[in-house]
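Okay, here's what each chain looks like letter by letter:
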Amino acid sequence: MDASELNRWQSRIVAIALTMCGVGCNDSQSPQEPTRSALEGPVVTTRSPAAEHEQTVSNKEAETSNSDEVIDTQPGLIFRPDDDRRVVDPQVLENADIDVIESKRLRLYTDVDQDIARNIPPVIDLVYERLLEDYGPLPPARDEKEFQMSGYLIGDRDRFLAAGLLPAKLAGFQHGQHSGQEFWMYDQELDYYRRHLAIHEATHCFMMRVPGIHPPLWYLEGMADFYGTHRFNERGHLEFGVMPDSPKDFLGFGRIDMIRQEVEAGRALSVVEVSELGEVEFSRSRSTPYAWSWALCKFLDTHPRYQKRFRQLRDHLIGPGFVETAEQLFAPDMWLLEAEWEEFCRAIDFGWEFEANAFVVGTEPPVDLPPTATLTIAADQGWTSSGYDLKAGEGVQVTADGQAVLDSSPVDWVSEPQGITFEYANGFPVGRLMAAVLVDPAEVNESNQKRMEVVDIGKSGLVRSEVGGLLMFRVNDFGNNRSNNVGSYELTLEAVDDASVAP
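Since the structure is predicted, the reported quantities are computational estimates derived from the model, not experimental observations. For every chain, the first residue of the written sequence is number 1, and numbering continues from 1 onward in sequence order. Confidence filtering applies because this is a predicted model: local features only for residues at pLDDT of at least 70, side-chain atom pairs given and counted only at 80 or more, and all residues used for totals across whole chains, interfaces and linings. The side-chain numbers reported here are obtained from all heavy atoms of the structure, hydrogens and water having been left aside.

Moving on: the layout of surface pockets. Counted as a void, the largest pocket has a volume near 510 Å³. The wall of the largest pocket is formed by 23 residues, among which Ala-339, Glu-342, Glu-343, Arg-346 and Met-452 lie closest to the centre. When contributions to the lining of the largest pocket are tallied by element, the ones reaching two or more residues are helix H15 (334-347) and strand S19 (452-456). When residues in the lining of the largest pocket are grouped by element, the largest group, seven residues, is from H15. Every definition here rests on a 1 Å grid over the protein atoms only: cavities are sets of points where a 1.4 Å probe fits but cannot get out, pockets are open sets enclosed by protein on both sides within 12 Å along at least five of seven lines, and lining residues have some atom within 4 Å of a point. Grid points are joined across faces, edges and corners, and a volume is the space filled by probe spheres set on the points. For the purposes of this entry, the term helix denotes a DSSP run of H or I that reaches at least four residues, the term strand denotes a run of E that reaches at least two, and both are numbered from the N terminus.

Written as structure tokens, this is what we have:
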């Protein structure tokens, strides 16, 4: 690879290696759109792999902390670590009845039926192109060879142990494990989750081939699950990093149900708490830390207010600056972020609409509530700021009118502010007018940890702020069915004195 092909990964590494080479370039690639037919494209089945280096395997936890790795450089170039995959004797494969299915980016060793296994390498080729698009090409190899991984799709654990293809120190993993340019995974009963797990581990192999990479573990695991969450769209093209839209198409994923169960049990995690998940938490549980990490990565990468900032973190994966940069990027509206994240986790569902559920807040600071005011609340938007700040103990009488169409199949579902009582979302009729006070963060303490006080309004109701904050409204609906709403409610607000709002 010549100097013109130096890439974003190299420019990030240069921040560490500046005193050694002082050079960095920027390049990115745009992949062809992947299609279902690509999964049936050319793969080579062979028993004669040509890997070059044997591997001494280390565990995943050790690999997530390689910031002290010596960066291999020549003037103007930074190289990725040498291909460390093992050389496998073809006779060993023959004796163990293990096949090799090979594509450009993956050499897959497996004892699983080839009609099942042959679909995995093309999927890895496609997600590799998406990773290039998002992160830029990997640093070049000194031997100028293309990057390729080795994967082990295991049906019979003992077969791979006996053949020396499953290191004994790794054999206790539950689902998948990676090291260097290799990953191991047990075969899965469900086709979707087999692909998901392979993508997850391949993503680790891609990201950990960058010298000096050191993002926190929640990010590494969350983004591996992010890319692993995939689907075929209506044209048969494979999409990565999607929001699951139906349980039947994402069988085995389970992350959404895990979040629901944790929230229901009172174990919801804030953004800060998810960002503090580390090796202890991930070694203690092989489920919930992954669910929280995926949910936060998906939330930040898709939410219109936070997406750009979150993607800026891709430029801070090298060295120790990730956490500090993240804090700086999100500090200006961390309280709002936590409130929106809390709402997302509380009502998370398949097909969640991030843009339609985003809080609508103005750029101007809220003002004191006047004696009377009018307001329009659109049915297809999330919690919407009134622009008014309620003081502690202050109240406002709300009267609402208007109509909204919540669905048009098979006929129009027309709702007024009192809602439609034969369909409930979030514990209230769909279409019902709801109010909330986004609590002033200065008022949150050990005795009051609420970020939002939600109030049922309907056609008419009273909002009283116990601690003070931003007055907001929303038309109640499911988080995966809001964008198709049409119409709005007209609100009249009347300030009431303290005596009128006594309990």
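The next thing to look at is the environment of Val-210. Tracing the backbone shows Val-210 in the loop between helix H7 (191-207) and helix H8 (217-228). Val-210 sits 132 residues away from Ile-78 along the chain, and the two C-alpha atoms are 9.8 Å apart.

The next thing to look at is the packing of H8 against helix H12 (residues 288-302). Helix axes are fitted to C-alpha atoms over the stretch in contact, other axes to C-alpha atoms as well, and angles between N-to-C directions run from 0 to 180 degrees. Between H8 and H12, the least distance of the axes is 8 Å, while the angle of their chain directions is 75°. The orientation of H8 with respect to H12, classified from their angle, is roughly perpendicular. From H8, Trp-218, Tyr-219, Glu-221, Gly-222, Met-223, Asp-225 and Phe-226 reach across to H12, where they touch Tyr-290, Ser-293, Trp-294, Leu-296, Cys-297, Lys-298 and Asp-301. For this classification, the nonpolar set comprises Ala, Val, Leu, Ile, Met, Phe, Trp, Tyr, Cys and Pro, the charged set comprises Asp, Glu, Lys and Arg, and every other residue, Gly included, is treated as polar. Each residue belonging to the contact of H8 with H12 can be placed in one class, and the counts come to eight nonpolar, two polar and four charged. Our angle categories are set so that under 35 degrees counts as roughly parallel, over 145 as roughly antiparallel, 65 to 115 as roughly perpendicular, and the remainder as oblique. The contact rule is simple, with two residues in contact once any of their heavy atoms fall within 4.5 Å.

Moving on, we come to empty space enclosed by the protein. Scanning all chains against the criterion turns up three cavities of 30 Å³ or more. Of the pockets and cavities examined, the largest cavity occupies roughly 60 Å³. Looking at the largest cavity, the residues that line it are Phe-299, His-303, Glu-340, Glu-343, Phe-344, Trp-352, Phe-354, Asn-357, Ala-358 and Phe-359. At the level of secondary structure, the elements contributing two or more residues to the lining of the largest cavity comprise H15 and helix H16 (354-357). If one sorts the elements of the lining of the largest cavity by residue count, H15 sits on top with three residues. By residue class, the composition of the lining of the largest cavity is six nonpolar, two polar and two charged.

What follows is about the packing of helix H5 (residues 120-135) against H8. If you want to describe how two helices pack, look at the angle between their axes and the distance between the axes. Direction vectors running N to C along H5 and H8 enclose 125°, while the axes themselves pass 11 Å from each other. Of the possible angle classes, the one that applies to H5 and H8 is oblique. Crossing of H5 over H8 shows right-handed handedness. Contacts from Val-127, Arg-130, Leu-131, Asp-134 and Tyr-135 in H5 reach Tyr-219, Met-223, Phe-226 and Tyr-227 in H8. In terms of residue class, the contact of H5 with H8 is made up of seven nonpolar, no polar and two charged. What makes a crossing left-handed is the near helix being turned counterclockwise from the far one by less than a right angle; a clockwise turn instead makes it right-handed.

A few words now on the packing of aromatic side chains. A pair of aromatic rings is counted whenever rings of Phe, Tyr or Trp (Trp by its six-membered ring) have centres within 6.5 Å, and the orientation is called stacked for planes under 30 degrees apart, edge-to-face for over 60 and tilted otherwise. This structure, assessed with the given rule, holds 24 aromatic pairs. Ring plane angle 90° and centroid distance 6.0 Å describe the contact between Trp-218 and Tyr-219, whose orientation is recorded as edge-to-face. When sorted by exposure, Trp-218 lands in the same class as Tyr-219, which is buried. Ring plane angle 45° and centroid distance 5.8 Å describe the contact between Trp-341 and Phe-344, whose orientation is recorded as tilted. The cut-offs for exposure are 20% and 50% of the maximum accessible area for each residue type, with area from a 1.4 Å probe on protein chains only; residues under the lower value are buried, those over the upper are exposed, and the others partly exposed.

Before going further, it helps to examine the pattern of salt bridges. By definition, a salt bridge exists where a carboxyl oxygen of Asp or Glu is found within 4 Å of a side-chain nitrogen of Lys or Arg. Considering all chains together, one arrives at 29 salt bridges under this definition. Close ionic contact of Asp-456 with Arg-432 constitutes a salt bridge, the shortest N to O distance being 2.5 Å. Taken as a pair, Asp-456 in strand S19 and Arg-432 in the loop between strand S17 (428-430) and strand S18 (433-439) lie far apart in primary sequence, 24 residues in all. The class of Asp-456 is partly exposed, set by a relative accessible area of 34%. One continuous salt-bridge network, built from bridges that share partners, spans Arg-130, Asp-134, Asp-301, Arg-311 and Arg-314.

For the rest of this paragraph, the subject is the environment of Asp-389. Topologically, Asp-389 is positioned in strand S13 (residues 384-390). Taking C-alpha positions, Asp-389 is 9.4 Å from Met-472, a pair spaced 83 residues apart along the chain. Sequence-distant contacts of Asp-389, that is, excluding residues within four places in its chain, are made with Pro-366, Val-367, Asp-368, Leu-369, Glu-394, Gly-469 and Leu-470.

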